[in-house]
Amino acid sequence: MITKLYAKSPVFIQNLLITIYGYYWKNRRYGGCFNQKLIEFKTHEQFTKDQWIEYQTKQLRKLLVHAFTTVPYYKNSYEKLGFSLQDFKQFNLSDLHKLPYLEKDDLRKYGTTTLLSSTRKRGKFYSSSGSTGTPVKIYFSKEFHQTWSALYEARVRNWANLNYKQPRAMIGGRRVVPSSIMKPPYYRYNFAESQAYFSAYHISNTTASDYIEGLKKSKVLYLVGYAMSIYLLAQSVKNQHLKAPKLKAILTSSEKLTQNMRQVIEHVFQCRVFDAYSGVEACGLISENSEKELLFSPDSGVMEVLNTNGNPVNFGEMGEVIATGLLNYDQPLIRYRIGDTVRISKNQQTRSGHKMLKIEEIEGRAEDIIEGSGGQKMVRFHSIFIDIKSIIMAQVIQNSYTQLAIKLVVDNSYEKAKSEKIMLERIKSQLGEIAIEFLYVNNIAKTANGKYKAVISTI
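Residues numbered from 1 in each chain as written. Predicted model: local features only at pLDDT ≥ 70, side-chain atom pairs only at ≥ 80, totals over all residues. Heavy atoms only, no water.

Enquirer: What is the right way to read the overall build of the protein from this model?
Expert: When its secondary structure is counted, the protein shows 13 helices and 20 strands. Scaling as 2.2 N^0.38, a compact globule of 459 residues should have a C-alpha radius of gyration of about 23 Å, and the protein matches this with 22 Å. Of all 459 residues assigned to the protein, the portion counted as buried reaches 55%. Put simply, 68% of the contacts in the protein that link residues at least 6 apart link residues at least 24 apart. In the form shown here, the protein has an accessible surface area of approximately 21000 Å², with 52% of it arising from carbon and sulfur atoms. Positive and negative side-chain charges of the protein, numbering 63 and 41 respectively, have mean locations separated by a distance of 5 Å. (Helix = DSSP H or I, 4+ residues; strand = E, 2+ residues; numbered from the N terminus. Rg over C-alpha atoms; globule rule 2.2 N^0.38 Å. Buried < 20%, exposed > 50% of the residue type's maximum accessible area, 1.4 Å probe, protein only. Contact = heavy atoms within 4.5 Å. Areas by Shrake-Rupley, 256 points an atom, 1.4 Å probe, with all protein chains shown as cover. Lys, Arg positive; Asp, Glu negative; His and termini not counted. Charge placed at Lys NZ, Arg CZ, Asp CG, Glu CD.)

Enquirer: Any chance you could explain the pairing of strand S3 (residues 168–172) here in plain terms?
Expert: The side chains of a regular strand alternate, residue by residue, between the two faces of the sheet. Most of S3 sits out of view: 4 of its 5 residues are buried. Where S3 lies against strand S5 (residues 195–199), 5 bridges are found, and the strand directions are parallel. Of the residues in S5, the one forming a bridge with Ala169 is Ala196. Inspection of the sheet shows S3 paired to strand S6 (residues 222–226) by 4 bridges, in the parallel sense. In the sheet register, Met170 faces S6, and the bridge partner there is Val224. (Pairing = 2+ DSSP bridges.)

Enquirer: So what exactly am I meant to see when it comes to the sheet that holds strand S10 (residues 294–296) here?
Expert: By way of backbone hydrogen bonds, the strands of a sheet pair with one another, either parallel or antiparallel. The 12 strands are arranged S4-S5-S3-S6-S7-S8-S9-S10-S14-S13-S12-S11 in an open sheet whose pairing can be described as mixed. Bordering the open sheet on either side are strand S4 (187–190) and strand S11 (301–306), each of which pairs with just one other strand. Each adjacent strand pair in this sheet contributes to an overall mean axis angle of 30°, direction not counted. Sheet topology note: the strand S12 (residues 318–325)/strand S13 (residues 336–344) ladder contains 5 bridges and is antiparallel. Bridge pairing in S13 links Met318 to Arg343. (Axes fitted to C-alpha atoms, helices over the stretch in contact; angles between N-to-C directions.)

Enquirer: Explanation requested: the layout of surface pockets in the structure shown.
Expert: By rolling a water-sized probe across the atoms, one finds the places where empty space is left. Here the second largest pocket is characterised by a volume of approximately 930 Å³. Around the second largest pocket, the lining comprises 29 residues; the ones closest to its centre are Lys49, Gln56, Met303, Phe315 and Leu357. Elements with a minimum of two residues in the lining of the second largest pocket: helix H4 (49–70) and S11. At 5 residues, S11 tops the list of elements feeding residues into the lining of the second largest pocket. For the lining of the second largest pocket, the residue count by class is 16 nonpolar, 9 polar and 4 charged. (1 Å grid on protein atoms, 1.4 Å probe; cavity = no way out; pocket = protein on both sides within 12 Å on 5 of 7 lines; lining within 4 Å. Points joined across faces, edges and corners; volume = space filled by probe spheres on them. Nonpolar A, V, L, I, M, F, W, Y, C, P; charged D, E, K, R; others polar.)

Enquirer: What should I look at first to understand the sheet that holds strand S19 (residues 435–440) in this one?
Expert: Within the open sheet, the 4 strands sit side by side as S19-S18-S17-S20. Their pairing is mixed. Because the sheet does not close on itself, it has two edges, and the strands there are S19 and strand S20 (455–457). In this sheet, neighbouring strand axes are inclined to one another by 20° on average, regardless of whether the strands run parallel or antiparallel. Bridge count between strand S17 (residues 391–400) and S20: 3 bridges; the pairing is parallel. Bridge pairing in S20 places Gln398 opposite Ser457. Along the sheet, helix H13 (residues 416–431) contacts S17, strand S18 (403–410) and S19; its crossing angle with S19, the most-contacted strand, is approximately 140°.

Here it is as structure tokens:
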């Protein structure tokens, strides 16, 4: 109802609706325990290596006892393996390998039922990007949301010498410009948070001038958003020889930030880029500090980086991330196989003095770009598949500007006509008129590193 009203409303009404939501969103993230948690996270930054080990051990034991006693999925799983409550009261970090992985399919299947704590606080679900399959749903209570927001404030904004009260711009997944028609402005304004929200779906050489005008008009100090979307905007600004306003910093996330992307963005906006990695699962945070060091926050979770045999990699090596979140007690994610890879720095000495694990590179998931006939570019396709639960895996392939192929792996409950209609409407609302071919397969081929690309373009 509200979505339809928003889509049909003039821009000033859309700004009003976004501002009303902004007030709710601001209170949800920055009210309650936010300030107290922010103080705690800032205090933790002074921990020694031994203090971090002691802290993580204590928090892990507390989480495992909670999961074993209040989360049916873990109680059943761990009891079958012979674990008792006493085992978890004495658990050590070195014992983690004894516990089974939590696979994405398990989270998709049980995330809204037996993976929830019986003592969970009131909250709501948020969907992941779903770049390696159907989106997972993560449960956020208000308290957990405020805690995670405090961590982001401490280790992302503050490390870039920023704070949430400053005017900012955002390029993200929300479709603030609901139509695919190329008609400016391509941003809306949230007065509650002094936030200009730009569409990630309309960036092109022909629209870049409106984005720059919006940044100047909104008087933002920094820009936050998808790494690829910000890079595409910077590249379009550069191509059109436009003058972008000088910002204090750019905060990127969600996609792999290459050195070339960083250089283009920093040149166009005349400021530093600070990269970060977490995901809606919120079970681990890697962020970049003022010394250009990518550090893992040990109070966000326990991060194992493992080789193909399931053993810890050496410093300097790339490995798969297995994450155990220490902050979400309502839907604990223990040894969660998140699907990303990182390279641990060979030299663990930090110029900042922080005794946190230093990361050389966040591999993440590299995806191609899909481009519409009108010049619209898209990388993230998670909104296309949200709430179509019968889709197990999906892959978008583009061979021409006028046609897309979508490979789908589905289960027996899949409703073909209904689901295809939903996906067609969603894609065309973002890319305009484009032919869609649905291909139903038993499996989607993986790349050499054991993953599969969710988005492929040959043009």
